[in-house]
Amino acid sequence: MITKHIKPDSLQEAADIIASGGTVIFPTETVYGLGANALDKTAVTKIYKAKGRPADNPLIVHIADVSQLENVARDVPKTAYELFRRYSPGPLTVVLKRKDTIPAEISAGLDTVAVRIPSHPVANSLIKLSGCPIAAPSANLSGRPSPTCYAHVKDEMDGRVDMIIDGGESDIGLESTVVSLAGDEPILLRPGAITLRQLEDVLGRVELSRSIFAEYDGSAASPGMKYRHYAPKAKVVLVKGYDSEVRSFIKSKIRSNEGCGVLCFDGEEEFFCEAVTRSYGIPSEPRTLAHNLFDALRFFDSTPVSVIYARVADGNGIEMAVLNRLIKAAGFTVIEV
Ligand code: AMP
Ligand code: MG
């Protein structure tokens, strides 16, 4: 397949592709999405094929504004409207009961649907111009780090979709927060830039899905959580503990092994000078860590390292989302020193 690459000056051609059942990669404020008409079962199937995504990992449906919500979901609770009023358009996905107009393939056969209203002007215009809700997962090959800039999607997805829109860098750099309101109690399925505290402000108590920090045990409400995710080519090992001890531990590993990489904080490179280092920010600025994480993981693919030791910041805000992605990238290999 020949992929057309465009700048987002005119989106009509992209919208026509979506409306006629094709696939378009577009920028959003979280990460790049791989979109198709959410009402067209055949188009939706193309998304799974382009990504190599397992059919049991459901997709998020993107709408332009809350007036389209009842076209895709049914029995929408008041709290969902309140969440969208407070935090949308933006990096929040709400899981609701699925309306029959949305093909079951989108939700991997579940009777629910995940809905988001993106704030990125290109994403928002594309939905409006196409005249349909757009199903879109992150635009990476299944299992790989999500793409946060045009270069990532160009490298990985050229030839796999009809069109790629070059929209520069994603502002947030991590996928949306996913909260389910489809059951009796609200459950946080995936942490993101909308924090647990922000959800609790609207919903009261919010349960944390076990799958956020632990390996899938067959019970997770979000099926996608069981797969290894966000993985660069090298093995990732997450190291947690006090700064000085973590640094000594990683240094000892570098001394005894070749091919080590370190995903570190700014200013730490000197501690790990015999390894390949990439810093992704400082713990006191967790939004920067989130913004840089996936690009940093992809950087190591261009180096010969076979193992990446990763530093991580503590915190209950967006730090939770960064930790979640790193735990998945590490396949749950976490060392506490
Ligand atoms: P991605 O589009 O790559 O950001 O992945 C979408 C995420 O939303 C995955 O973690 C899915 O498991 C989750 N998701 C999508 N639809 C549903 C749903 N109906 N119920 C629960 N989780 C969902
Ligand atoms: Mg994804």
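Heads up: the structure comes first, above all this text.
Q: Can you break down the sheet that holds strand 13 (residues 235-240) residue by residue, with the values?
A: Ordered in space as 15-14-16-13-17, the five strands form an open sheet in which the pairing is parallel. A single partner strand is all that each edge strand has here, and the edge strands are strand 15 (276-279) and strand 17 (334-336). The mean inter-strand angle of the sheet, taken between neighbouring strand axes irrespective of direction, is 25°. Contacts between helix 9 (residues 286-299) and the sheet are confined to strand 14 (260-264) and strand 15, with strand 15 contributing the most and set at about 165° to the helix. Contacts between helix 10 (residues 319-329) and the sheet are confined to strand 13, strand 14, strand 16 (307-310) and strand 17, with strand 13 contributing the most and set at about 135° to the helix.

Q: If you had to explain the pairing of strand 10 (residues 177-180) to someone new, which residues and values would you point to?
A: A two-sided burial pattern is seen for strand 10, the buried positions comprising T177 and V179 on one face and V178 and S180 on the other. Inspection of the sheet shows strand 6 (residues 92-98) paired to strand 10 by four bridges, in the parallel sense. Note that in strand 10 the partner of T93 across the bridge is V178. Here strand 10 hands over to strand 11 (residues 187-190) after six residues, the two strands then running antiparallel side by side.

Q: Tell me about the nonpolar core, and name the residues and values.
A: Ranked by size, the top nonpolar core spans 47 residues in total, and within it I25, L83, V94, L96 and L199 carry the most contacts. For this core, the leading source of residues is helix 2 (residues 41-51), giving five residues. When sequence neighbours within four positions are dropped, the list of residues in contact with V94 reads A80, L83, F84, V113, A114, V115, V179 and L181. Formed by 30 residues, the second largest nonpolar core is a distinct cluster that contains F265, A290, L297 and V305.

Q: So what's going on with helix 5 (residues 121-130)? Which residues, and what values?
A: Two residues of an α-helix separated by three or four positions point the same way, owing to the 3.6 residues in each turn. The set of residues buried in helix 5 consists of V122, A123, N124, L126, I127 and S130. The secondary structure elements touched by the buried residues of helix 5 are helix 1 (12-19), strand 2 (24-26), strand 4 (60-62), strand 8 (134-135) and strand 9 (163-165). Directly beyond the C-terminal end of helix 5, a positive phi value near 75° is found at G131.

Q: Please provide a residue-by-residue account of the packing of aromatic side chains, values included.
A: Summed over all chains, the structure comprises four aromatic pairs. Summarising the aromatic geometry, the rings of F265 and Y280 are spaced 6.0 Å apart at their centres and angled 20° between planes, so their arrangement reads as stacked. A residue pair is termed long-range when its members are at least 10 positions apart, and F265 in the loop between strand 14 and strand 15 and Y280 in the loop between strand 15 and helix 9 qualify at 15 residues. What makes Y280 buried here is its relative accessible area of 1%.

Cut-offs applied
Residues numbered from 1 in each chain as written. Chains lettered and ligands numbered in written order. Predicted model: local features only at pLDDT ≥ 70, side-chain atom pairs only at ≥ 80, totals over all residues. Heavy atoms only, no water. Pairing = 2+ DSSP bridges. Helix = DSSP H or I, 4+ residues; strand = E, 2+ residues; numbered from the N terminus. Axes fitted to C-alpha atoms, helices over the stretch in contact; angles between N-to-C directions. Contact = heavy atoms within 4.5 Å. Buried < 20%, exposed > 50% of the residue type's maximum accessible area, 1.4 Å probe, protein only. Core = buried A, V, L, I, M, F, W, Y, C linked by side-chain atoms within 4.5 Å. Phe/Tyr/Trp six-rings, centres within 6.5 Å; stacked < 30°, edge-to-face > 60°.

Shape is all these values report; function is a separate question.
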